[in-house]
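Residue-level listing of the chains:
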Amino acid sequence: MKTKWTIDPMHSEVNFKIRHLVISNVSGSFKKFSAEAETDGDNFETVKVHFTADASSISTGVEQRDGHLTSGDFFDVTKYPSINFVSTSLKKVGDNEFKLTGDLTIRDVTKPIELDVEYGGIGKDGYGNTKAGFEVTGKISRKDFGLTWNMATEAGGLTLGDDVKFTANVQFAKVVAAESASA
């Protein structure tokens, strides 16, 4: 039997960081996102996931930088309003550790990526809802997705690094199908 799950945005977060001037990291997050998952029963080893982030919800804590990130230099949110990930496979690599493979689409460019997943387990919240928790980490080359803007520094280096690291701490809630009313 297939089980449907939906992300609990109140107990989930999607964060990223990128090297700035080669000497430090700048961090940010996406504030609006959604995800659905489907499993065989409660077996997450069979999971199929679809995740979407609202690109305009990017937040680094600096309004001017956020405006630049949503512009045509980066995400170009008027043309490409969402970032999407669709899983293609999941492989167990250790106790509660998995490799999740899928297709990531940014700016209409789709590339396969591999993510590390740590499964936290399943539990019930105070309202009787069944939840499952995960930490998902990964790294992508921003240039692979058309995010190529950069600026030379006075010393001849570049302002931004290529690699973007991200961490998503997420809870999924089991979707309970409404019982059909008897006649």
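Just so it is clear, the structure is predicted and the values come from calculations on it, not from any experiment.

## With respect to the layout of surface pockets
No. 1: One number sums up the size of the largest pocket: a volume of about 1,000 Å³.
No. 2: In terms of lining residues, the largest pocket is bounded by 47 residues, among which V14, N15, F16, F30 and F166 are the most central.
No. 3: In terms of residue class, the lining of the largest pocket is made up of 39 nonpolar, 5 polar and 3 charged.

## Observations concerning the nonpolar core
No. 1: Ranked by internal contacts, the top residues of the largest apolar core, which has 41 residues, are F75 and F134.
No. 2: For F134, the contacting residues outside a window of four places in its chain are F44, V117, E118, Y119, G120, A168, N169, V170 and F172.

## A few points about helix α1 (residues 63-70)
No. 1: Among all positions of α1, only D66, L69 and T70 are buried. Along α1, the residues classed as buried sweep out an arc of 95° about the axis, all on the same side.
No. 2: Tucked inside the fold, the buried residues of α1 contact β6 (58-59).

## Points about the confidence of the model for the chain
No. 1: Averaged over all residues, the pLDDT of the chain is 86; the fraction at 70 or higher stands at 85%.
No. 2: The least confident element of the chain is strand β3 (residues 24-30), whose mean pLDDT is 83; the most confident is strand β8 (residues 97-106), at 96.
No. 3: Contacts for the low-pLDDT stretch residues 178-183, under 50 throughout, to residues beyond four places or in other chains number 0 contacts.

## Side note on the pairing of strand β4 (residues 33-40)
No. 1: Burial of the side chains of β4 is restricted to one face: F33, A35, A37 and T39 are buried, whereas none of S34, E36, E38 and D40 on the reverse face is.
No. 2: The pairing of strand β1 (residues 2-7) with β4 spans 5 bridges and is classified as antiparallel. Bridge pairing in β4 places K2 opposite D40.
No. 3: Two elements, β4 and strand β5 (residues 43-54), share 7 bridges in a ladder whose sense is antiparallel.

Reading guide: rules and limits
- Residues numbered from 1 in each chain as written.
- Predicted model: local features only at pLDDT ≥ 70, side-chain atom pairs only at ≥ 80, totals over all residues.
- Heavy atoms only, no water.
- 1 Å grid on protein atoms, 1.4 Å probe; cavity = no way out; pocket = protein on both sides within 12 Å on 5 of 7 lines; lining within 4 Å.
- Points joined across faces, edges and corners; volume = space filled by probe spheres on them.
- Nonpolar A, V, L, I, M, F, W, Y, C, P; charged D, E, K, R; others polar.
- Core = buried A, V, L, I, M, F, W, Y, C linked by side-chain atoms within 4.5 Å.
- Buried < 20%, exposed > 50% of the residue type's maximum accessible area, 1.4 Å probe, protein only.
- Contact = heavy atoms within 4.5 Å.
- Helix = DSSP H or I, 4+ residues; strand = E, 2+ residues; numbered from the N terminus.
- Arc of directions from axis to C-beta.
- pLDDT = per-residue confidence, 0-100.
- Pairing = 2+ DSSP bridges.

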